[in-house]
Amino acid sequence: MDCIFCKIISGEIPSEKVYENDTVFAFKDIRPVAPEHILVVPKKHIANIEEISLEDSKVLSDLFMAVKEIASARKLNDKGYRLILNNGKAAGQEVFHLHLHVIGGKDSLGPMISR
Ligand code: 5GP
Ligand code: ZN
């Protein structure tokens, strides 16, 4: 499958890995918007929310547990951090492999949505 994130998970495309377990892979975003900008992705290829099913329940909880571990290991948890999931074209989703952006390392990350 021609998916950038599947290739990153398999190691075909290099990345700066920050975390990995059986079901989740996390790496630094190539175009960081803050001092800490990490992408947390399920190893299973799921394009976006529209493709998730009940079978993916464990994978989805694993994703959030991984966020918690990464935030704690990188000391983001005391100040706080933002999670972003761009779902679909209108939201700016560029890579159609479900992923959470973990963004932190700054006190102020600006307004949630620009209006
Ligand atoms: P989206 O807009 O789909 O939520 O975000 C995709 C993110 O993937 C972007 O922030 C972009 O910088 C990042 N990205 C795209 N290609 C690569 C890549 O080859 N390596 C890494 N590390 N990040 C990538
Ligand atoms: Zn993929």
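Structure shown above.
An account of the accompanying structure is given in this report. (Residues numbered from 1 in each chain as written. Chains lettered and ligands numbered in written order. Predicted model: local features only at pLDDT ≥ 70, side-chain atom pairs only at ≥ 80, totals over all residues. Heavy atoms only, no water.)

### Points about a nonpolar patch on the surface
Alright, step 1. Taken together, Phe64, Tyr81 and Leu83 make up a surface patch of nonpolar side chains, about 260 Å² in accessible area.
Alright, step 2. Residue position: Phe64 is located in helix α2 (residues 57–73).
Alright, step 3. Note on Phe64: relative accessible area 46%, which makes it partly exposed. (Patch = residues over 30% accessible without salt bridge, like charges linked within 9 Å, V, L, I, M, F, W, Y side chains within 5 Å. Areas by Shrake-Rupley, 256 points an atom, 1.4 Å probe, with all protein chains shown as cover. Salt bridge = Lys/Arg side-chain N within 4 Å of Asp/Glu carboxyl O. Helix = DSSP H or I, 4+ residues; strand = E, 2+ residues; numbered from the N terminus. Buried < 20%, exposed > 50% of the residue type's maximum accessible area, 1.4 Å probe, protein only.)

### Here's the deal with the coordination of the zinc ion (ligand 2)
Alright, step 1. For the zinc ion (ligand 2), the full set of protein donor atoms is Cys3 (SG), Cys6 (SG), His45 (ND1) and His97 (ND1), at a range of 2.0 to 2.3 Å.
Alright, step 2. Metal-centred angles of 103 to 116° between the four donor atoms at the zinc ion (ligand 2) mark the site as tetrahedral.
Alright, step 3. Written as a sequence motif, the donor arrangement for the zinc ion (ligand 2) is C-x2-C-x38-H-x51-H. Taken together, the positions of Cys3 in the segment before α1 (4–10) and His45 in the loop between β3 (36–42) and α2 put the pair 42 residues apart, joining distant regions of the chain.
Alright, step 4. Looking at His45, the relative accessible area reads 23%, which means it is partly exposed. (Donors = N, O, S within 2.8 Å, 3.2 Å for Na, K, Ca; no water. Tetrahedral: all angles 85-135°; square planar, octahedral: opposite > 155°, others 65-115°.)

### A few points about unusual backbone geometry
Alright, step 1. The phi dihedral of Lys75 falls on the positive side, at around 60°, and the residue is not glycine.
Alright, step 2. Within the secondary structure, Lys75 sits in the loop between α2 and β4 (82–84).
Alright, step 3. Among the residues examined, Lys75 registers a relative accessible area of 63% and is labelled exposed.

The values are spatial; any link to function lies outside them.
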